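# Structural characterization, general
Now for the letters of each chain:
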Amino acid sequence: MANSAIGKQMTEKELALLIKHLNLEQSEADLLHESLGEVSEIRLSGDAKQQDGWVEVKDQRIIVHDPLHGGEWPVLSSKAPVKLFVNGVYVETERTVASTDRVYWEIDERALFDITVSEDKLVASFRLRAKDRYAWKLVKSEPALKAIVQAVEDPSIVLESVHISDVAAQIERKSIKSNLDIAAIHRELTSPTYLPVVVAKGRAAVQGQDAKLDLYFSEQVESQFFEIGGAVDYRNHLHIPSVNDGDLIAKKIPLQDGTPGYDVYGDVLMPAPAKDIIAVAKSGVELTPEGEVIARKVGRPRMTGGKIRTFDVSTAYIVSGNVDMETGNIVFSGDVIVYGDVTDRMIIESLGNVYIFGCVYNATITATGSIHVRGNVLGSKLYSGYFGVMFNRLYNTSKALSEQLEKLLSAAMMLEQALAAKRQTVRFGQLALLLMENKFPEIPSTMKELLAVVASIQHIKKKEYEGIQEMSGMFLQPARMVEMATLSNVQGLIALLRDTHQEVERMQESAVKIIINQCHNSELKSNGDIVIQREGVLLSDLFSTGNIHFRNEDSVCRGS
């Protein structure tokens, strides 16, 4: 009967083969599982039996069995917070394993709490993640080809608890010391919210205020023409800002220093230094100790310069008719007002604004301020603001000549040293003349150009350039140069030339404009806006660092 019962389940031959491959270290329960076919599939193909490997988790152990006769190898993976290691290598996803592999696990646990400090170091926060830490135990799993190792907390075994002393110790280790709130920590441990709780605060530095200038005049000059009785009123068209003696032009609001603060570590936080404004008053303007800028003559108030703001009251040079060969070129340190036209090949250079009631024909107009042309512009060049400085002949020639003389001076000093080494002496004037003739032949032509510009300067500025005229004239007379040229007077001329081109540069105004009706075959460059009030532009080049406005809806921009 017994043999008959066994025969119903498997033959004696099959049973013998199973015993041959039996792992004698297996428990009776394991043998029973195998014998009943519950662990893996037994495939019968002739005399060979293929058996897959398997993994089982029980009694806090991971048990691995290898496959038989070409069966599949078992695969292990884990689920957080379990971290699985095979032969010391962390298993990130899943991996095949064998019975000979060293498989072990650990729990990737977060800290029960953490202390974080904000990026600006002004706030430190305490966050409770869990009040107690429990032991972990593996979740039992039945034997399978693919197994996922999981673990759960065992609330019956408490490994660690958070106390206020633990939090205080970590705060101390992080050197956090400003305005500690221990009571907030105690409240969170007593009634956990598991949200960040502020436990220390710094105080932000209070930023200071930069100095500023309040202007009591408009920097814009509006050009508005009106017809009265059918005729254009040319004398009351410009709304030019003007002041009288004693008028308040501007006021400087002094800077205010900031207040230092501190972070949660107790370190001092210094505010960024407030920026000051350097205000300078020229003749005709008074700067009081209270920072008030007061006009001391009648004229147009203006503010020029960048880092150093210079206040001035500009007077005007007025041409009642045309600028032509009879008037000559105009170079003036203030505003220029022309009630007629500017004719062929004439030049106006203004260290201020230029107002032209007529047209501009084949001429060059440069202004460190704005340019207003009532009529049309034909074949001309108009440069305002920064471009008015860069294309100003006084600026360019004085700058070029100072650089050339600096090179000549350096070469002369080198020659003097070489001659002194040979115990020979030569007059400085003779050395300078020889260098100018052989190495720096461009100096005389630059000087002639500068003297021509200085000769064109109108009225009040002439006296200030007499020194340049006198000293430059010496260089154009060789005999006089040999006798009178010295190191000191060449250095003096260089200083005068530097002051000249730097003064022109400082006269650049802000918020400049070029305002015209129309232009043809011309070049306009503005360090602000360009405004076309009527027909438009033809075959012209317009450069603006601001905007180019066409006020008339029918304006055109052709070939430009």
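Residues numbered from 1 in each chain as written. Predicted model: local features only at pLDDT ≥ 70, side-chain atom pairs only at ≥ 80, totals over all residues. Heavy atoms only, no water.

### Some words on the pattern of salt bridges
- Summed over the entire model, instances satisfying the criterion amount to 15 salt bridges.
- Between R296 and D245 there is a salt bridge, with the nearest N and O atoms lying 3.5 Å from each other. Of this pair, R296 sits in the loop between β27 (292–295) and β28 (300–304) while D245 sits in the loop between β21 (238–239) and β22 (248–253), and the two are 51 residues apart along the sequence.
- The shortest N-O distance in the salt bridge between R427 and E483 comes to 2.8 Å. Of the two residues, R427 is situated in the loop between α7 (393–421) and α8 (428–438) and E483 in helix α11 (residues 478–484); the sequence distance between them amounts to 56 residues.
- Ionic contacts of the salt-bridge type, sharing partners, join the residues R300, R302, D312, D335 and E509 into one network. (Salt bridge = Lys/Arg side-chain N within 4 Å of Asp/Glu carboxyl O. Helix = DSSP H or I, 4+ residues; strand = E, 2+ residues; numbered from the N terminus.)

### Concerning the nonpolar core
- L394, L405, I443 and F475 are the most contacted members of the largest nonpolar core, which totals 36 residues.
- At the level of elements, α7, α8, α9 (442–456), α10 (466–475) and α12 (487–506) are the ones that each hand at least two residues to this core.
- No other element matches the eight residues that α7 contributes to this core.
- Setting aside its immediate chain neighbours within four residues, L405 contacts I443, M447, F475, L493, I494 and L497.
- Formed by 27 residues, the second largest nonpolar core is a distinct cluster that contains V323, V336, V373 and L382. (Core = buried A, V, L, I, M, F, W, Y, C linked by side-chain atoms within 4.5 Å. Buried < 20%, exposed > 50% of the residue type's maximum accessible area, 1.4 Å probe, protein only. Contact = heavy atoms within 4.5 Å.)

### Here we look at the packing of aromatic side chains
- One pass over the full model with this rule turns up seven aromatic pairs.
- Between the aromatic rings of F85 and Y104, the centroid separation amounts to 5.2 Å while the plane-to-plane angle is 10 degrees, which identifies the pairing as stacked. Here Y104 lies in strand β9 (residues 103–107) and F85 lies in strand β6 (residues 82–86), a separation of 19 residues in the sequence.
- Since its relative accessible area comes to 11%, F85 is described here as buried.
- Ring centres 4.4 Å apart and planes at 5 degrees place the aromatic pair Y339 and F357 in the stacked group. Placement of Y339 in the loop between β32 (335–338) and β33 (347–350) and of F357 in the loop between β34 (354–356) and β35 (360–361) is noted, with a sequence separation of 18 residues between them.
- The structure contains a cluster of three or more aromatic residues connected by ring pairs, namely F85, Y90 and Y104.
- Of note, K83 hangs over the ring of Y90, and the distance from its end group to the ring centre comes to 5.0 Å. (Phe/Tyr/Trp six-rings, centres within 6.5 Å; stacked < 30°, edge-to-face > 60°. Lys NZ or Arg CZ within 6 Å of the ring centre and 35° of its normal.)

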